[in-house]
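So you can see what is in the structure, the chains are spelled out below.
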Amino acid sequence: MTILDGKKISNQIKDEITAEVDKMRERGEKVPHLAAVLVGNDGASLTYVGSKVKSCERVGFESTLVKLPNTTSELELLNKIEELNNDEDIDGFIVQLPLPDQIDEQKVLMAVDPDKDVDGFHPMNFGKMALDMSTFIPATPFGILELLERYGVETKGKHTVVIGRSHIVGRPMSILMGRKGFPGNSTVTLTHSHTKNITQITSQADIIITALGSPNFLKAEMVKDDAVIIDVGITRVPDEDRPKGYRITGDVDFENVSKKASFITPVPGGVGPMTIAMLLKNTLLARERHRNKTEL
Ligand code: GUN
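First things first, this report covers the structure right here in the doc. Predicted model only: the values in this text are computed from it and were never measured.

**Notes on helix α1 (residues 6-26)**
- In this model α1 runs 30 Å from its N-terminal to its C-terminal C-alpha over 21 residues, within 8% of the 30 Å that 1.5 Å per residue would give.
- Among all positions in α1, only G6, I9, S10, I13, K14, I17, T18, V21 and M24 are buried.
- Residue D5 occupies the N-cap position of α1, its side-chain oxygen lying 3.2 Å from the main-chain nitrogen of K7.
- Trailing α1 by a residue or two, G28 shows a phi angle of about 75 degrees, which is positive.

**A word on unusual backbone geometry**
- Residue P98 is bonded to the preceding L97 through a cis peptide linkage, with omega at 0 degrees.
- Omega for the peptide link from V267 to P268 comes to 0 degrees, which places this bond in the cis form.
- You can see P268 is positioned in the loop between β11 (263-264) and α10 (271-295).
- Even without being a glycine, D132 presents a positive backbone phi close to 65 degrees.
- As for its placement among the helices and strands, D132 is situated in the loop between α5 (123-130) and α6 (139-150).
- Take D132: its relative accessible area is 46%, and that puts it in the partly exposed class.

**Thoughts on the side chain of S186**
- Here S186 lies in the loop between α7 (170-178) and β6 (187-191).
- There is a polar contact of 2.8 Å between the side chain of S186 and the side chain of T160.
- Setting aside residues up to four positions removed in sequence, S186 forms contacts with T155, G157, K158, T160, M177, G178 and I207.

**Comments concerning the nonpolar core**
- Residues I17, F61, I144, I209, I230 and V232 are the most contacted members of the largest nonpolar core, which totals 49 residues.
- Here this core gets eight residues from one element, more than from any other, and that element is α10.
- Non-local contacts of V232, meaning those with residues more than four positions away in its chain, are made with T140, I144, V169, I209, T210, A211 and V271.
- Counting residues in hydrophobic clusters, the runner-up holds 18 residues, among them V66, L68, L77 and L84.

**Considering the packing of aromatic side chains**
- Counted under the stated rule, the structure contains zero aromatic pairs.
- Its end group placed over the ring of F136, R289 keeps NZ or CZ at 4.9 Å from the ring centre.

**Describing the site of the ligand**
- Every residue close to the ligand is listed here: K52, V95, Q96, L97, D119 and F121.
- Note that a nitrogen atom of the ligand is positioned 2.9 Å from one of the backbone N or O atoms of V95.
- At a separation of 2.9 Å, a nitrogen atom of the ligand approaches a polar backbone atom of L97.
- Notes on the ligand: free accessible area 270 Å², of which the protein chains cover 83%.

**Some words on the sheet that holds strand β3 (residues 62-68)**
- On the basis of which strands lie adjacent, the open sheet formed by three strands has the order β3-β2-β4 and parallel pairing. Across the chains shown, the open sheet's two edge strands, defined by having one partner strand only, are β3 and β4 (92-95). Each neighbouring strand pair of the sheet contributes to a mean axis angle of 15 degrees, computed without reference to strand direction.
- In the packing of helix α3 (residues 74-86) onto the sheet, contacts are made with β2 (33-39), β3 and β4, and the angle to β4 comes to roughly 165 degrees.

**A few points about the pattern of salt bridges**
- Here the structure, examined in full by the defined rule, presents 18 salt bridges.
- Salt-bridge contacts for K224 lead to D206; the nearest nitrogen and oxygen are separated by 2.7 Å. Within this pair, whereas K224 is found in the loop between β7 (207-210) and β8 (228-231), its partner D206 is found in the loop between α8 (198-202) and β7, the two being separated by 18 residues in sequence.
- D239 is the partner of R242 in a salt bridge, and the nearest nitrogen-oxygen pair spans 3.5 Å.
- R242 sits in the partly exposed class, given a relative accessible area of 42%.

**Concerning the sheet that holds strand β5 (residues 159-163)**
- The six strands lie next to each other as β1-β11-β8-β7-β5-β6, forming an open sheet whose pairing is parallel. Edge strands, defined here as strands with exactly one partner in the open sheet, are β1 (2-3) and β6.
- Note that β5 and β7 share four bridges and pair parallel. Opposite V162, over in β7, you have I209 as the bridge partner.
- Sheet contacts for α7: β5, β6 and β7; angle to β6, the most-contacted strand, approximately 170 degrees.

**A short note on the pairing of β4**
- Covered by surrounding structure in β4 are G92 and I94 together with F93 and V95, the residues of both alternating faces.
- As paired strands, β2 and β4 are joined by four bridges and run parallel to one another. The residue of β4 that forms the bridge with A36 is I94.

**Things to note about the packing of α6 against α7**
- Contact geometry of α6 with α7 gives a least axis separation of 9 Å together with a crossing angle of 35 degrees. Of the two possible hands of crossing, α6 and α7 adopt the one that is right-handed. Contact residues: P141, I144, L145 and L148 in α6; P172, M173, L176 and M177 in α7.
- Of the residues in the contact of α6 with α7, the class split is eight nonpolar, no polar and no charged.

Parameters and conventions
- Residues numbered from 1 in each chain as written.
- Predicted model: local features only at pLDDT ≥ 70, side-chain atom pairs only at ≥ 80, totals over all residues.
- Heavy atoms only, no water.
- Helix = DSSP H or I, 4+ residues; strand = E, 2+ residues; numbered from the N terminus.
- Expected span 1.5 Å × (residues − 1).
- Buried < 20%, exposed > 50% of the residue type's maximum accessible area, 1.4 Å probe, protein only.
- Polar contact = N/O pair within 3.5 Å; in protein donor to acceptor, adjacent residues only side chain to side chain.
- Contact = heavy atoms within 4.5 Å.
- Core = buried A, V, L, I, M, F, W, Y, C linked by side-chain atoms within 4.5 Å.
- Phe/Tyr/Trp six-rings, centres within 6.5 Å; stacked < 30°, edge-to-face > 60°.
- Lys NZ or Arg CZ within 6 Å of the ring centre and 35° of its normal.
- Near = heavy atom within 4 Å.
- Areas by Shrake-Rupley, 256 points an atom, 1.4 Å probe, with all protein chains shown as cover.
- Pairing = 2+ DSSP bridges.
- Axes fitted to C-alpha atoms, helices over the stretch in contact; angles between N-to-C directions.
- Salt bridge = Lys/Arg side-chain N within 4 Å of Asp/Glu carboxyl O.
- Left-handed = near helix turned anticlockwise from the far one by under 90°.
- Nonpolar A, V, L, I, M, F, W, Y, C, P; charged D, E, K, R; others polar.

Here's what the structure looks like:
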């Protein structure tokens, strides 16, 4: 069994990005600038956005954190997005999800300039992804592809089962694993809350990608020998013994499933750090596109 070490690989990617940024600086060019918009005080979102901003510093990017109160109206957020769209210094930005109930998420995602949409959530970029066109791929699916590629995990002709159909992970993952190329060329089954006999389906899978947010959902008896297991779950479970009062738990019963798996991602230290590394990679790409556009 091999651990797919997202922490290690994400550090390698960050080193590669740092080297690119150093070269930009030596050439006297502007370095990439990422902005993150956070609405409200959700603890997990605060942590994620904090990590994203900190990672920008680590690779030499500029970063801006826009913190808005929980009571922000949809119009106020749309105005802020317009400002970021028009800010020549910002190469890419994200709006951290989820948003408070008074704000329509779809309206917000549609308002982001597709050329600055480093999350890859705008319908134009999502459509391009589905059509194999060059675009921003959502960071978590992009990170999973990168892990599979760097560990040389075979995906061609394999049966990949994706659990969960979220717009951020499950749905794009199901599209990407079926695309032509590597990683891809899989036969994909997308399962969700209305799927019947899920064990019958998962036990036939060569690769399982689970993005449910349901701690220890995937048990050893649901998995065949030598399966590849990708755990996207990151749920905070109360734990008095931890300094923060909680621990992060994945969707996979790691202790038992790892005994059967050929490759498996740990939680934490698997998919999570890869998401941030790929957001940085998308921001680097956004900077390059922005420069080419403005210099032409
Ligand atoms: N919330 C959970 N994951 C993500 C992500 O990848 N991007 C944004 N913007 N919000 C999220």
